[in-house]
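Observations on chain architecture
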Amino acid sequence: MLTRIDHIGIACADLDASVAFYRDTYGFEVAHEEVNEEQGVREAMLRVNGTDDGGATYLQLLEPVRDDSPVARFLARHGEGVHHIAFGTGDVAGAAAAVGGRGVRVLDAAPRPGTMGSSIVFLHPKDCGGVLTELVQAAAHGGAGGEPDLTQE
Ligand code: MC0
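First, a word on what this report is: a plain description of the structure on this page. Remember, it's a predicted structure, so these values are computed and weren't measured experimentally. (Residues numbered from 1 in each chain as written. Predicted model: local features only at pLDDT ≥ 70, side-chain atom pairs only at ≥ 80, totals over all residues. Heavy atoms only, no water.)

1. Some words on the pairing of strand 3 (residues 41-50)
As paired strands, strand 2 (residues 30-36) and strand 3 are joined by 6 bridges and run antiparallel to one another. By the bridge assignment, valine 35 is partnered in strand 3 with arginine 42. Where strand 2 hands over to strand 3, the hairpin turn is made up of 4 residues, of which glycine 40 adopts a positive phi near 75°. Two elements, strand 3 and strand 4 (residues 56-64), share 9 bridges in a ladder whose sense is antiparallel. The residue of strand 4 that forms the bridge with alanine 44 is leucine 61. (Pairing = 2+ DSSP bridges. Helix = DSSP H or I, 4+ residues; strand = E, 2+ residues; numbered from the N terminus.)

Structure representation (structure tokens):
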């Protein structure tokens, strides 16, 4: 059901400076950039590699656009750094229900709009060993065969 690392979200104070660091240091290029007003971020997606379910893995650089946003609060408390990890799935609602059934708090009652037309839910970091965790269903593709099925024991 979870088929890949979709992205690692990294909180940064200056998106353009972070993009320059990842380009100049590692050679990663921006595949997509957008503002997500609901989440209060300006973000850049840097594609690292394709995956065997037809998706891809990205670095997601996140700059807050509002002082009351989760990323702004994270920066104020922790400074720049890894903000969350995101697992890709072909069925985000099903994956959220399965994980929620195992006692993990799902922070979104229904999937919300994520980057590049994706659907996302967040899981509470306090139920995930201190790691804010996101489940992502990409816009372009559905589920893939052969992945672990969390609905089965
Ligand atoms: C907060 N905490 C974290 C954390 N953010 N722990 C690990 N990783 C993080 N990123 C911890 C704090 O240290 C604190 O622990 C406790 O959670 C409460 O934090 P708070 O700052 O007082 O409370 P809130 O109101 O910020 O709530 C935290 C929570 C919230 C995770 C529930 O930030 C949230 O709902 N996040 C999901 C949405 C989100 O992060 N959106 C931005 C990315 P202590 O021990 O001190 O109590 S948007 C995105 O990524 C998109 C667009 C996409 O992927 O497509």
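Moving on from the coordinates now.
2. Considering helix 2 (residues 70-78)
An α-helix turns once every 3.6 residues. As a result, residues three or four positions apart point the same way. Along helix 2, the residues classified as buried are Val71, Ala72, Phe74 and Leu75. The arc enclosing the buried residues of helix 2, seen along the axis, measures out at 160°, which places them on a common side. Summarising the geometry of helix 2, the exposed residues directed more than 90 degrees from the buried face are Arg73, Ala76 and Arg77. On its buried face, helix 2 sits against strand 1 (2-11), strand 3, strand 4 and strand 5 (81-89). (Buried < 20%, exposed > 50% of the residue type's maximum accessible area, 1.4 Å probe, protein only. Arc of directions from axis to C-beta. Contact = heavy atoms within 4.5 Å.)

3. Remarks on the sheet that holds strand 1
One open sheet accounts for 8 strands, arranged 2-3-4-1-5-8-7-6; its pairing is mixed. Both outer strands of the open sheet, strand 2 and strand 6 (112-113), are each paired with one neighbouring strand and no more. Of the pairings in the sheet, the one linking strand 1 to strand 5 comprises 8 bridges and is antiparallel in character. Within strand 5, the residue paired with leucine 2 across the bridge is threonine 89. Taken strand by strand, helix 1 (residues 15-26) contacts strand 1, strand 2, strand 3 and strand 4, and its axis lies near 150° from that of strand 4. (Axes fitted to C-alpha atoms, helices over the stretch in contact; angles between N-to-C directions.)

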